[in-house]
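Structural characterization, general
In case you want the letters, here they are:
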Amino acid sequence: MVNESPHGFFQPSRGLRQGCPLSPLLFTLVTEYLSSMFEFEYLKGNLVASPAAVKANCLATYQFFADDLLVVVRANIASVFTLRRMMKHFEEVSGLAVNKEKSEVYFTRSVKRKSTMLRILGCRQGSLPFTYLGLPISDRGIRRLDCKPLMDKVVAATTRWAGMNFSRAGRIELLRVVVTSMVLYWFSVYSIPAVNHSSIWKSIVSVRDTLKVQCSYRIGNDDKIKNFMDPWCGGQYLSEVFSYRTLRQWQFDDVPFVVQQFFQQFRIHGGEDQLLWNNKSFTFKAAWDSCRDSKPVVSWFGLVWNGGRPRWSVYSALIIQNAVLIGANLQRRGISLAFRCCLCGCNEEHVDHMFVKCVYAWEVWCGLAGIFHWSVQKLNSVSSFAADLQTQFYIKSCRNKVHKMLFTASMYYLWNE
């Protein structure tokens, strides 16, 4: 439509402007055609999947990320010719061409006729391993040396000047959000390499047998459980139950009956396969709690760790546990100075006085109690005071969550005073 009237075809001269919201949508539509071409050639047999993809029952092994394309095929002349024909056809249809100067071909160690394939594709040869989306890609399992970029990133994130100047709450968030996400991203793709002299690896291996005993499998549609690789047969692998030695002891006519009797022990449930933990749905939290030495939860835990600002929660926990640098604690460390309460100037600087018994602090608590209808008592210690408030806010609700955040915020700003 041009000037509210239909118009014939016209050739655009500029194309889409940079930042146009239509650009990623149109690019996705075009690459969808290329994806369909890959699947079609794989189904016809013109493209042959790599041995690793065949073993994993994966048909098409290609990966799009923005304008990058990673293709994994078996290194033979037929697949290389098909790949070149596909890229040429896609260029004619869409106008998007492969930048051969920036493209590389990677071969495994057993591939022959490399020079012929490179000449067909017109690209240079790269060396393994290479990095793709921040992960090392190699033709062998990941080694400790391959994890060095990850270790360097973790060290850089925790030792740089910005991390050193963070508060305790900031360091907790740095570990929880930044460092943990780095590690989980890597090991969602790779298994942890076995380093014999690593104390972390030894601690993981030490609880492996304990974890295996409490794991079981719920058989469903057979999509997730691997018949020969998972111990779903009452904690045993199928190859252990039907070993060669066991089969030799059976009579040929008894085999169908024995196999039928064996599989009748396992009930087939509807839905997906499930990994169970003590006959319940598996969670990492339950597995972690079973293999660690956990201390009993303190009575004020829910009051302090309430989902508010981490800085408030961290300092409130330190104050309740008398772990802040305050006058009485400094004197125990040998710093003999006359420390007086900085709020009232009357008594010795101690957490129980500064946050409960001090006149200034008690006015703050009484003011909050009058506004929000709390019931406060001037108890002997901060921990008893916090435990008493927790009994009033134990029910989960938005109102009680706000009250808990008010408590931690008041503790934090009293400390700043």
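Quick note: structure is the one above.
Computed from a predicted structure; not experimentally measured.

**Describing unusual backbone geometry**
Residues Leu128 and Pro129 are joined by a peptide bond in cis, for which omega reads -5 degrees. Relative to the elements of secondary structure, Pro129 occurs in the loop between β4 (124-125) and β5 (130-132). At His373, a residue that is not glycine, the phi angle is positive and equals roughly 60 degrees. Tracing the backbone through its elements, the reader meets His373 in the loop between α18 (359-372) and α19 (382-392).

**Digging into the packing of helix α7 (residues 168-187) against helix α15 (residues 310-320)**
Closest axis-to-axis distance for the α7/α15 pair is 8 Å, and the angle between their directions is 120 degrees. Classified by the angle their axes make, α7 and α15 are oblique. Pair α7 / α15 crosses with right-handed handedness. Residues Arg168, Ala169, Ile172 and Glu173 of α7 pack against Pro310, Arg311, Val314 and Leu318 of α15. Per-class residue counts for the contact of α7 with α15 are five nonpolar, no polar and three charged.

**A short note on the pairing of strand β2 (residues 68-71)**
Looking at chain direction, strand β1 (residues 62-65) and β2 are connected through four bridges and run antiparallel. Residue Tyr62 lies in a different strand from β2, and its bridge partner there is Val71. Two successive antiparallel strands, β1 and β2, enclose a turn made up of two residues, where Ala66 displays a positive phi of approximately 55 degrees.

Procedures and definitions
- Residues numbered from 1 in each chain as written.
- Predicted model: local features only at pLDDT ≥ 70, side-chain atom pairs only at ≥ 80, totals over all residues.
- Heavy atoms only, no water.
- Helix = DSSP H or I, 4+ residues; strand = E, 2+ residues; numbered from the N terminus.
- Axes fitted to C-alpha atoms, helices over the stretch in contact; angles between N-to-C directions.
- Parallel < 35°, antiparallel > 145°, perpendicular 65-115°, else oblique.
- Left-handed = near helix turned anticlockwise from the far one by under 90°.
- Contact = heavy atoms within 4.5 Å.
- Nonpolar A, V, L, I, M, F, W, Y, C, P; charged D, E, K, R; others polar.
- Pairing = 2+ DSSP bridges.

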